[in-house]
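# Close look at the chain arrangement
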Amino acid sequence: MRVLYHGNAARGRNWQEAVSRALPQVRFECWPGAGDLTEIRHVVAWTLPDELIAALPNIEVLFSVGAGIDQLDIARLPPGLRIVRMIEPGIIGTMADYVVMGVLALHRDLPFHISEQRAGRWTWRNVSPANECRVGVMGLGELGRAALAKLALHGFRLSGWSRSQHQAEGVECFAGDEGLVPFLAQCDILVCLLPLTSETRHILNRTTFAAMPRGGRVINAARGGHLVQEDLLAALDRGQLAAAMLDVTDPEPLPAGHPFYSHPAIILTPHVAGITRTDSAVHSLIDNLARVLKDEPLVGEVDRSRGY
Ligand code: NDP
Ligand code: OXD
């Protein structure tokens, strides 16, 4: 079996070596420089340029290097193509750490204190314990569940919202359209860890912010397309929201001079929340390639009709 890799060259070389060692029957080739592309059925990539899609008429399975797949713009891909997202401990662990960092930072008013420091002011604010702060996570998938488990160690009051009903110890679970407003009504801090689909695009909007308690905080570590940027700025101006932490934006990077760079109530990070770790992700990839060889179900296969 031949597998084509498109992406970061150093990671490609590392994975080529590891895959060849674990699965000698797999020929792992890096683009550019691979042989006849028309024979390739399995591809590993973060994104695929149009000319490469056109050069791969027999592609059957596309493995995303990341947990998300929206960056592949699946509408451009052949309809029967199977898409598999990356589920690996590196992404999950770094994301859970990021969410804990963000929740603690917003709970303890870090944007305000940093802005006061920059202005040369020594301004005291009341401090409340974590168990008085209600944190709600949108998305109870691999990342949402891991973030909640780490937040639980700090004593926050936890809830989650998903498409189907979930049960999780210590987490109040809400589901579906009817569960959204009751969920938001009890979120002092809202964390978005949803996949970007036609149903979730722009879900962080003025109606969502208005349904939260006044002075709420928002963390978006999922995709920039979830957020309506003007609605966030307006909610911060009106005091409906007190602060936000954003790891993702649309576009990335934001253009120079964008208000998010300098807004005192916004912490901005450059899409670094959950990182695919070369050394741990290769085990997930090898496991899935072995499953292809044995014709077994793949871990993380996307339901294209749902978009995630
Ligand atoms: P999963 O597919 O494991 O989980 C998705 C969750 O979202 C599920 O709980 C699902 O509900 C829920 N969901 C999907 N659609 C809806 C909807 N319309 N309404 C309510 N809930 C919905 O995804 P992951 O946890 O692995 O990843 C989530 C996203 O995080 C990725 O798609 C990616 O965009 C982003 N990400 C960002 C990174 C970064 O560095 N900033 C790094 C990695 C990922 P149900 O359980 O009912 O199916
Ligand atoms: C991912 C990401 O989806 O890094 O893995 O955003």
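Predicted model only: the values in this text are computed from it and were never measured.

## Quick word on the overall build of the chain
Scanning the chain from N- to C-terminus turns up 10 helices and 12 strands. Taking 308 residues into account, the globule formula puts the C-alpha radius of gyration at 19 Å, and the chain, at 21 Å, falls close to it. Once the C-alpha set of the chain is aligned to its principal axes, its extents read approximately 65 × 45 × 30 Å. In the chain, buried positions account for 52% of the 308 residues. Contacts in the chain between residues at least 24 apart in sequence constitute 62% of all its contacts with a sequence separation of at least 6. Of note, the chain has its 29 positive side-chain charges centred 4 Å away from the centre of its 33 negative side-chain charges.

## Structural notes on the site of ligand 2
Surrounding ligand 2, one finds W46, G66, A67, G68, I91, R223, H271 and G274. Here G274 contributes a backbone N or O atom positioned 3.5 Å from an oxygen atom of ligand 2. In the complex, the protein chains occlude 86% of the 210 Å² of accessible area that ligand 2 would expose alone. Of the residues that constitute the shell around ligand 2, the class distribution is 3 nonpolar, 4 polar and 1 charged.

## Considering the site of ligand 1
The environment of ligand 1 is made up of 30 residues, and the closest members are R85, L140, S164, H166 and Y308. G274 is positioned such that a nitrogen or oxygen atom in its backbone is 2.9 Å from an oxygen atom of ligand 1. Here ligand 1, which alone exposes 940 Å², has 93% of that area covered by the protein. Elements that contribute at least two residues to the shell around ligand 1 include exactly α3 (89–107), α5 (142–152) and β7 (157–162).

## Some thoughts on the pattern of salt bridges
Enumeration according to the criterion identifies 20 salt bridges in this entry. For the salt bridge of R223 with D70, the shortest nitrogen-to-oxygen distance reads 2.8 Å. A residue pair is termed long-range when its members are at least 10 positions apart, and R223 in the loop between β10 (216–220) and α8 (229–238) and D70 in the loop between β4 (61–64) and β5 (82–84) qualify at 153 residues. As a salt-bridge pair, R163 and E199 come within 4.0 Å of each other at their nearest N and O atoms.

## Re the sheet that holds strand β3 (residues 42–45)
Strand pairs in the sheet, formed through backbone hydrogen bonds, run parallel or antiparallel to each other. Taken in spatial order, the 5 strands line up as β2-β1-β3-β4-β5 in an open sheet, and their pairing is parallel. Where the open sheet ends on each side, the last strands, each with one partner, are β2 (27–31) and β5. Ignoring strand direction, the axes of neighbouring strands in this sheet form an average angle of 20°. When strand β1 (residues 2–6) meets β2, the two strands line up parallel, connected through 5 bridges.

## A look at the state of the cysteines
By definition, a disulfide links the sulfur atoms of two cysteine residues through a covalent bond. Summed over the entire model, instances satisfying the criterion amount to 0 disulfides. The closest cysteine sulfur to the non-disulfide-bonded C173 is located on C187, 12 Å from its own sulfur.

Thresholds applied
- Residues numbered from 1 in each chain as written.
- Chains lettered and ligands numbered in written order.
- Predicted model: local features only at pLDDT ≥ 70, side-chain atom pairs only at ≥ 80, totals over all residues.
- Heavy atoms only, no water.
- Helix = DSSP H or I, 4+ residues; strand = E, 2+ residues; numbered from the N terminus.
- Rg over C-alpha atoms; globule rule 2.2 N^0.38 Å.
- Buried < 20%, exposed > 50% of the residue type's maximum accessible area, 1.4 Å probe, protein only.
- Contact = heavy atoms within 4.5 Å.
- Lys, Arg positive; Asp, Glu negative; His and termini not counted.
- Charge placed at Lys NZ, Arg CZ, Asp CG, Glu CD.
- Near = heavy atom within 4 Å.
- Polar contact = N/O pair within 3.5 Å; in protein donor to acceptor, adjacent residues only side chain to side chain.
- Areas by Shrake-Rupley, 256 points an atom, 1.4 Å probe, with all protein chains shown as cover.
- Nonpolar A, V, L, I, M, F, W, Y, C, P; charged D, E, K, R; others polar.
- Salt bridge = Lys/Arg side-chain N within 4 Å of Asp/Glu carboxyl O.
- Pairing = 2+ DSSP bridges.
- Axes fitted to C-alpha atoms, helices over the stretch in contact; angles between N-to-C directions.
- Disulfide = S-S within 2.5 Å.

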